[in-house]
Amino acid sequence: MWLLVIVLLNIVPGLEKTTVLNMFSTSEECQSERNRIGFEMAAAYPDDRDFVIACRLNPKHGS
């Protein structure tokens, strides 16, 4: 199981540093959604680079 996460690079009061956005069964599905969200976030917030959107393998489940 793959997790699509957003990782905040700056501390934001009241928010977790890492938040799960969605779960996917394959790396390819996760990467496709990561790319889509990444492009939309870059367009909406062109000067804000205080976050990373990434796919991570869920340590509680196998791939």
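As a reminder, the structure under discussion sits directly above these lines.
This structure is a prediction, so every number in the text was calculated from the model and none was measured.

(A) Representation of the state of the cysteines in the model. This model, assessed by the stated rule, comprises one disulfide. Bridging C30 to C55, the disulfide has an S-S length of 2.2 Å. Note on the C30 and C55 pair: the S-S dihedral is about -110°, so by sign convention the disulfide is left-handed. One end of the pair, C30, is in helix α1 (residues 27–44); the other, C55, is in strand β3 (residues 51–57), and 25 residues separate them in sequence.

(B) Quick peek at the pattern of salt bridges. On inspection of all chains with the given rule, the structure shows two salt bridges. One salt bridge connects E33 with R36, and the closest N-O pair in it is separated by 2.5 Å. On the criterion of helical spacing, the pair formed by E33 and R36 is a turn pair, its members being three residues apart in helix α1. Linking R36 and E40 is a salt bridge whose minimum nitrogen-to-oxygen distance equals 2.9 Å. Of the two residues, R36 and E40 are both situated in helix α1; the distance of four residues between them amounts to about one turn of the helix.

(C) Representation of the nonpolar core. If you look at the biggest cluster of nonpolar residues, it comprises 10 residues: W2, L4, I6, L8, F24, C30, I37, F51, I53 and C55. Elements that contribute at least two residues to this core include exactly β1 (2–8), α1 and β3. In terms of residue count, β1 provides more of this core than any other element does, four residues in total. Each residue touching L8, except ones within four places of it in the same chain, is listed here: L15, E16, K17, D50 and F51.

(D) Structural view of the side chain of N58. Along the polypeptide, N58 turns up in the segment after β3. N58 sits in the buried class, given a relative accessible area of 9%. In this structure N58 touches M1 and L3, once residues within four positions along its chain are discounted.

(E) Examining the sheet that holds strand β2 (residues 18–24) more closely. Across the sheet, three strands lie side by side as β2-β1-β3; this open sheet has antiparallel pairing. With partners counted over all chains shown, the strands left at the sheet margins are β2 and β3, one partner each. Looking at each pair of strands side by side, their axes are set apart by 25° on average, direction ignored. The sheet contact formed by β1 and β2 spans six bridges and is antiparallel. Along β2, the bridge assignment pairs V7 with T18.

Thresholds applied
Residues numbered from 1 in each chain as written. Predicted model: local features only at pLDDT ≥ 70, side-chain atom pairs only at ≥ 80, totals over all residues. Heavy atoms only, no water. Disulfide = S-S within 2.5 Å. Helix = DSSP H or I, 4+ residues; strand = E, 2+ residues; numbered from the N terminus. Salt bridge = Lys/Arg side-chain N within 4 Å of Asp/Glu carboxyl O. Core = buried A, V, L, I, M, F, W, Y, C linked by side-chain atoms within 4.5 Å. Buried < 20%, exposed > 50% of the residue type's maximum accessible area, 1.4 Å probe, protein only. Contact = heavy atoms within 4.5 Å. Pairing = 2+ DSSP bridges. Axes fitted to C-alpha atoms, helices over the stretch in contact; angles between N-to-C directions.

Functional significance is not addressed by these values, which are geometric in nature.
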